Amino acid sequence: MEMNARYTSFVAVGDSFTEGMSDLLPDGSYRGWADLLAARLAAREPGFRYANLAVRGKLIGQIAEEQAQVAAAMGADVVALVGGLNDTLRPKVDMGHVRAHLEAAVELLAPSCKHLVLMRSPGRNGPVMERFRPRMEELFVIIEELAARHGALVVDLYGAPALGDQRMWDVDRLHLTAEGHRRVAEAVWQTLGLPAEHDWRAELPAAAPPGWAVRRAQDVSFARQHLLPWIGRRLTGRSSGDGRPAKRPELLPYAPYEDSPVS
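Please read these numbers as outputs of a predicted model, since none were measured by experiment. (Residues numbered from 1 in each chain as written. Predicted model: local features only at pLDDT ≥ 70, side-chain atom pairs only at ≥ 80, totals over all residues. Heavy atoms only, no water.)

**What about the pattern of salt bridges?**
Under the criterion given, the structure shown has 17 salt bridges. Arg-6 is the partner of Glu-45 in a salt bridge, and the nearest nitrogen-oxygen pair spans 2.6 Å. Here Arg-6 lies in the segment before β1 (9-14) and Glu-45 lies in the loop between α2 (33-44) and β2 (49-52), a separation of 39 residues in the sequence. Classification of Glu-45 as buried rests on a relative accessible area of 9%. Through salt bridges with shared partners, one network takes in Asp-35, Lys-247 and Arg-248. (Salt bridge = Lys/Arg side-chain N within 4 Å of Asp/Glu carboxyl O. Helix = DSSP H or I, 4+ residues; strand = E, 2+ residues; numbered from the N terminus. Buried < 20%, exposed > 50% of the residue type's maximum accessible area, 1.4 Å probe, protein only.)

Okay, structure coming up:
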């Protein structure tokens, strides 16, 4: 990787993680690591262009079919593809199909850009993580194999204990906080050969865990507001992204959101 390289354009492809949930802005929209990264890249390069095609709830087959071809046609310097975790969280998953869709997306995107970025995504420490860890790790093996075959970069977020800290995750227990997204942006920034601005792996200061009563109240609130609606969508075959367009569907000169800091 060339150090301190120049990048003129960036396209992000994926699901809610790349859309930016739960890094909430004052207007009710989401920012997230990809927007933060784009802002920093734009500050270095006049006329920098950015598109974010990610939509919450998308499975890897949908990402491959609905986003990859569009992204490939844009011919960006950098393309980030993050997907497959929604598949691993389903009650049943065919990892062979996940591999096939991911491979199709990578084979389409890798020749279309200067640098394709893949990820070993983070997971929140806890019982849900332990249940789905084998599937996640199988997904990451596939990602490593595809990266080696196609010369893609891999950002290893899974290997950073700080990003497994429950305090890095929103109350829905599925999406990173603003601080988590800030660290992901820094991790990708460094993977692209740009000078480090902070240690994204630094662990949070030790803190006493909340008491039993607080934890139970949090569990009840989580179940009511997030878990039960998620189960309902699974049972009815719906997705949180149904009918939702990408927030930045065209590769255009970067325009920051109001009240959105660069880092």
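Next comes the rest of the description.
**Structural notes on the environment of Arg-248**
As for its position among the elements, Arg-248 is in strand β6 (residues 248-253). Under the relative-accessibility criterion, Arg-248 is labelled buried at 12%. As a C-alpha pair, Arg-248 and Ala-54 span 194 residues in sequence and 8.6 Å in three-dimensional space.

**Some points on the packing of aromatic side chains**
Scanning the entire structure with this criterion turns up five aromatic pairs. Measuring from ring centre to ring centre gives 6.4 Å for Phe-10 and Trp-33, while their planes differ by 45°; the resulting arrangement is tilted. Of this pair, Phe-10 sits in strand β1 while Trp-33 is found in helix α2, placing the two residues 23 residues apart along the sequence. The same class applies to Phe-10 as to Trp-33, namely buried. Through a chain of ring-to-ring contacts, the aromatic side chains of Phe-10, Phe-17, Trp-33, Tyr-50 and Tyr-254 assemble into a single cluster. (Phe/Tyr/Trp six-rings, centres within 6.5 Å; stacked < 30°, edge-to-face > 60°.)

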